[in-house]
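Chain by chain, the residues run as shown.
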Amino acid sequence: MVSVSPRLRDSLDYEDPEETDPRLSFGFRSLSINSAEYENYEPHGDRRAFAGSPDPGARRMKRQRQSDHTLDHAVPFEYKTVADGDLFRIACILPGTQSAHVECRLEWESSRHPEKDYRCLSYCWGETIERNAAILLDGFRFAVTRNLHRALQCIRKPNAEVRLCTYYPHVNFISRSSSSGVDQLCINQSDLDERAHQVSIMKHIFNKARVTVWLGDEDDRSKKLCEYARKMGRGEHAPRDSPKTVLSRILSQRQLQDAVHRLLQRPWFGRVWVVPEVALARFTEVAIGSELVSWDNLVRLIKDTQLPRKGGFDKQTALLGNPRQRIAIISQMNASQREGLLHTDITQLLILAKSSNATDCRDKIYAYFAMTLLRLRPDYREIPDYKRSVERLYIEIAEHYVNSIRYDDYYSRWHGLNEQRRTQQLMSMLYSAGRLHQHFDLPSWMPDWTFAWYQAPFWCTTESNLAIFPGRDEWSTGIRSQYRAGGETIETLEVLGETPSQHCLRISALLFDTVAEVSETTPASTPSKDGNSPVSPAESTVTLDTSTYSYGRDFFTTKKGLRGMATRGIQTGDVLAILLGGDVPVMLRSASVIYVEEVAYTLLCECFVQSDDVMQGDLIRTDLWLAEDIVLC
């Protein structure tokens, strides 16, 4: 039988140190934690003592057999209490070395008033999500993934306890007296209410913690890469040697590029929950096997290392949310958190979510729950709801963002969003959507957060934009495209609410042409109405024969003789339109739904038209009087 713990008051905003949960009555003395002192802290040589790897001797094999026997005969663990209120579980790792089995003890800790220092361990499942390893938890057998098991072995200390906690869905908490939290240990994954509640207090947990990122075991170059990053960060070199000479002795330029490339391929960089884990932290360090390097030094190294460009379509540079771009966004988010600013840039969230992996599609939204302004709105839930359908969640979040960005001055004042930045964020939602970019049954203008980027975008660039930004959301302005097809101003853009089965959007647009022919190969040049062949926009990086942009797209010719390309799946009769305020045109298809007296369309995708008049805004300035309000369903 599961005993439910005494529940604290529902509000998480009280600050009464006299009210304590009975689960914390262990006689601990409160310690004062000043997290600001961690900001410039560097561990000794960016290193810390790890328990060594198993030695291959006969005694080790005997101890291993004894450990296996103990684990095999242990009774499976069952949760007996519920984590609620301000509390979360801490897994205290008992001392051990080499081949001894990992043994932990669960304790309670307060996210508001922690009794001891702790830190968070950020990791991913690894090559498999199968729990094919085991530890002892409160004397019972508990199954974990191999990657977590290896992390626990490395983090465990020989003579001191380490408080560890795996957080949902894959976060761990560790303290300096050695304490941390692990999602596979510290949250009852079968209890949806507990999972949701723990996500709701995630910000408090991480704001008071140091974070260790576990990237996995060492490879043949990761050790030298960490050494390179440490010396580069500190500028260590002999008086007669230049920094470049000293660093080249560790890794040559080609070896460095290869090492960085292989590092960025590690699974950790593709998980959705690593974003808040690092963004919310006061200080972050990265562990690769027994090596340790600060997050800032690693980011500096990645920023200064230019990876060689490959010919053709290279997803490492052509796609949104590539590893370097993800690191840049996370670093900017972290700057926001340090200044006490909540996140307001939907462009960044879409880039990260659609390039991330998540075992639960709702986590594409809930992973950012602790960082966004939406959770403060009275009409939005205080706690994530894992019982809500994915479609309903995606519809609600899209409508909330449109209404907040468009009409809520309070929302915009948090980060000083001017009209131009509001427009850019609203349009990024539309360009991230489209019927040809959806898995779920959603209105066509709403992003499907699970549909991964697989094409080079026209509406923005994929540059990493790795720079030192202040806390305000300024990163997205640096990736805006060179095109200005729809000008700078939105006229009409409003959510119409629910029709019989639709959530529609009314928006101002100029419908300027219709697709006459679709081809998988580049069409021959067709003279325009003035007798001249259409040309690519001035200084454009996009042409119809550019493999980076043509990947995954078909070519089209319009009734007026224009040529261009759009996502595979467009058809003859589809309509080309320019959304007022949008940087590139879009492709529409007539819908069977009629809303009031307006014709409804289905948004298909963004598109590129090989015409300077279209892409640079001359057409919209000339024919603005022909623009009309349309409905997207």
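Going by the structure above, here's the rest.
Rules behind the numbers
- Residues numbered from 1 in each chain as written.
- Predicted model: local features only at pLDDT ≥ 70, side-chain atom pairs only at ≥ 80, totals over all residues.
- Heavy atoms only, no water.
- Axes fitted to C-alpha atoms, helices over the stretch in contact; angles between N-to-C directions.
- Helix = DSSP H or I, 4+ residues; strand = E, 2+ residues; numbered from the N terminus.
- Parallel < 35°, antiparallel > 145°, perpendicular 65-115°, else oblique.
- Contact = heavy atoms within 4.5 Å.
- Nonpolar A, V, L, I, M, F, W, Y, C, P; charged D, E, K, R; others polar.
- 1 Å grid on protein atoms, 1.4 Å probe; cavity = no way out; pocket = protein on both sides within 12 Å on 5 of 7 lines; lining within 4 Å.
- Points joined across faces, edges and corners; volume = space filled by probe spheres on them.
- Salt bridge = Lys/Arg side-chain N within 4 Å of Asp/Glu carboxyl O.
- Buried < 20%, exposed > 50% of the residue type's maximum accessible area, 1.4 Å probe, protein only.
- Expected span 1.5 Å × (residues − 1).
- Pairing = 2+ DSSP bridges.
- Phe/Tyr/Trp six-rings, centres within 6.5 Å; stacked < 30°, edge-to-face > 60°.
- Lys NZ or Arg CZ within 6 Å of the ring centre and 35° of its normal.

Draft legend 1. Inspection of the packing of helix 6 (residues 222-234) against helix 10 (residues 295-304) at higher detail. Running from N to C, helix 6 and helix 10 cross one another at 95°; their axes reach a closest spacing of 9 Å. On the basis of the axis angle, helix 6 is roughly perpendicular to helix 10. Residues Leu225, Tyr228, Ala229, Arg230, Met232 and Gly233 of helix 6 form the contact with helix 10, whose participating residues are Asn297, Arg300, Leu301 and Asp304. When the residues that make up the contact of helix 6 with helix 10 are grouped by side-chain class, the tally is five nonpolar, two polar and three charged.

Draft legend 2. Highlighting the layout of surface pockets. Taken as a whole, the largest pocket encloses approximately 760 Å³ of empty space. Sorting elements by how many residues they give to the lining of the largest pocket places helix 8 (residues 253-264) first, with four residues. Its residues assigned to classes, the lining of the largest pocket shows ten nonpolar, 14 polar and eight charged.

Draft legend 3. Geometry of the pattern of salt bridges. Following the criterion strictly, the structure yields 20 salt bridges and no others. Notably, a salt bridge pairs Glu291 with Arg230, separated by 3.2 Å at the nearest N-O pair. Of this pair, Glu291 sits in strand 11 (residues 291-294) while Arg230 sits in helix 6, and the two are 61 residues apart along the sequence. Pair check on accessibility: Glu291 and Arg230 agree, each one buried. The partner of Arg484 in a salt bridge is Glu488, with the nearest N and O atoms 3.5 Å apart. Overall, the relative accessible area of 26% leaves Arg484 in the partly exposed class. A cluster of three or more residues bridged by salt bridges with shared partners is formed by Arg480, Arg484, Glu488 and Asp583.

Draft legend 4. Spotlight on helix 6. Helix length check: helix 6 (13 residues) gives 18 Å between terminal C-alpha atoms against 18 Å at 1.5 Å per residue, within 8%. The set of residues buried in helix 6 consists of Ser222, Leu225, Cys226, Tyr228, Ala229 and Arg230.

Draft legend 5. How the structure looks around the pairing of strand 19 (residues 628-632). Sheet analysis places strand 13 (residues 503-519) next to strand 19, joined by five bridges and oriented antiparallel. When the bridges of strand 19 are listed, Ser508 appears paired with Asp629. Of the pairings in the sheet, the one linking strand 18 (residues 598-609) to strand 19 comprises two bridges and is parallel in character. Directly across from Tyr601, in strand 19, lies its bridge partner Leu632.

Draft legend 6. Structural detail: the packing of aromatic side chains. On inspection of all chains with the given rule, the structure shows eleven aromatic pairs. With a centroid separation of 5.7 Å and 35° between ring planes, the pair formed by Phe458 and Phe608 is classed as tilted. Here Phe458, found in the loop between helix 17 (419-431) and strand 12 (493-498), pairs with Phe608, found in strand 18; they are 150 residues apart in sequence, far enough to count as distant. A relative accessible area of 2% places Phe458 in the buried class. Put simply, the rings of Phe458, Tyr483, Tyr549 and Phe608 pair up and form one aromatic cluster. If you follow Lys354 out to its NZ or CZ, it ends over the ring of Trp453, 4.9 Å from the centre. The ring of Phe458 carries the charged tip of Arg553 above its face, separated from the ring centre by 4.0 Å.

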